[in-house]
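Structure at a glance
Chain by chain, the residues run as shown.
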Amino acid sequence: NVEKITAQNLKSTLKNLAEKYESVAVITPGLKEAKTLQKALPEDLGFMLVDDLTGQVKDRKIVVPCALSKGLEFDAVVVIQPNKALKIAKNINYE
């Protein structure tokens, strides 16, 4: 299901997704946006920042930059600034 989420309803959307699904990811264009967003979310939502993949991602609710999202699977995903994220992802060499 694709739906446009505005900044005003992002928190309520994430809360609803977290209640409905076991695993939820918020994918941002870059690390800077991921850090800013994760800090802005209420702590009770429980979204953790993934800023490297040196270990396994154990948290089921995460905020992650698109460059680190390859291969991760979630029940629900929200992509922030999808056009910008897609442009960045096209330039990433995953080898």
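Scope of this entry: the structure provided in the associated data block.

The rules we used
- Residues numbered from 1 in each chain as written.
- Predicted model: local features only at pLDDT ≥ 70, side-chain atom pairs only at ≥ 80, totals over all residues.
- Heavy atoms only, no water.
- Helix = DSSP H or I, 4+ residues; strand = E, 2+ residues; numbered from the N terminus.
- Buried < 20%, exposed > 50% of the residue type's maximum accessible area, 1.4 Å probe, protein only.
- Contact = heavy atoms within 4.5 Å.
- Areas by Shrake-Rupley, 256 points an atom, 1.4 Å probe, with all protein chains shown as cover.
- Polar contact = N/O pair within 3.5 Å; in protein donor to acceptor, adjacent residues only side chain to side chain.

Some words on the overall build of the chain
Broken down by element type, the chain carries three helices and four strands. Going from the N terminus to the C terminus, the chain shows its helices and strands as α-β-α-β-β-β-α. Across the 95 residues in the chain, those meeting the buried criterion constitute 31%. Across the chain, contacts joining residues at least 24 apart in sequence account for 62% of those joining residues at least 6 apart. Just so you have it, the chain exposes about 6,700 Å², and 49% of that area is on carbon and sulfur atoms.

A word on the side chain of T28
Looking at where T28 falls in the secondary structure, it is placed in strand β1 (residues 24-28). Among the polar contacts made by the side chain of T28, one reaches the main-chain amide nitrogen of A34 at a distance of 3.4 Å. Apart from residues lying up to four places away in sequence, T28 is in contact with E33, A34, L37, V63, V64, P65, C66 and I80.

This is a description of form; function is not addressed.
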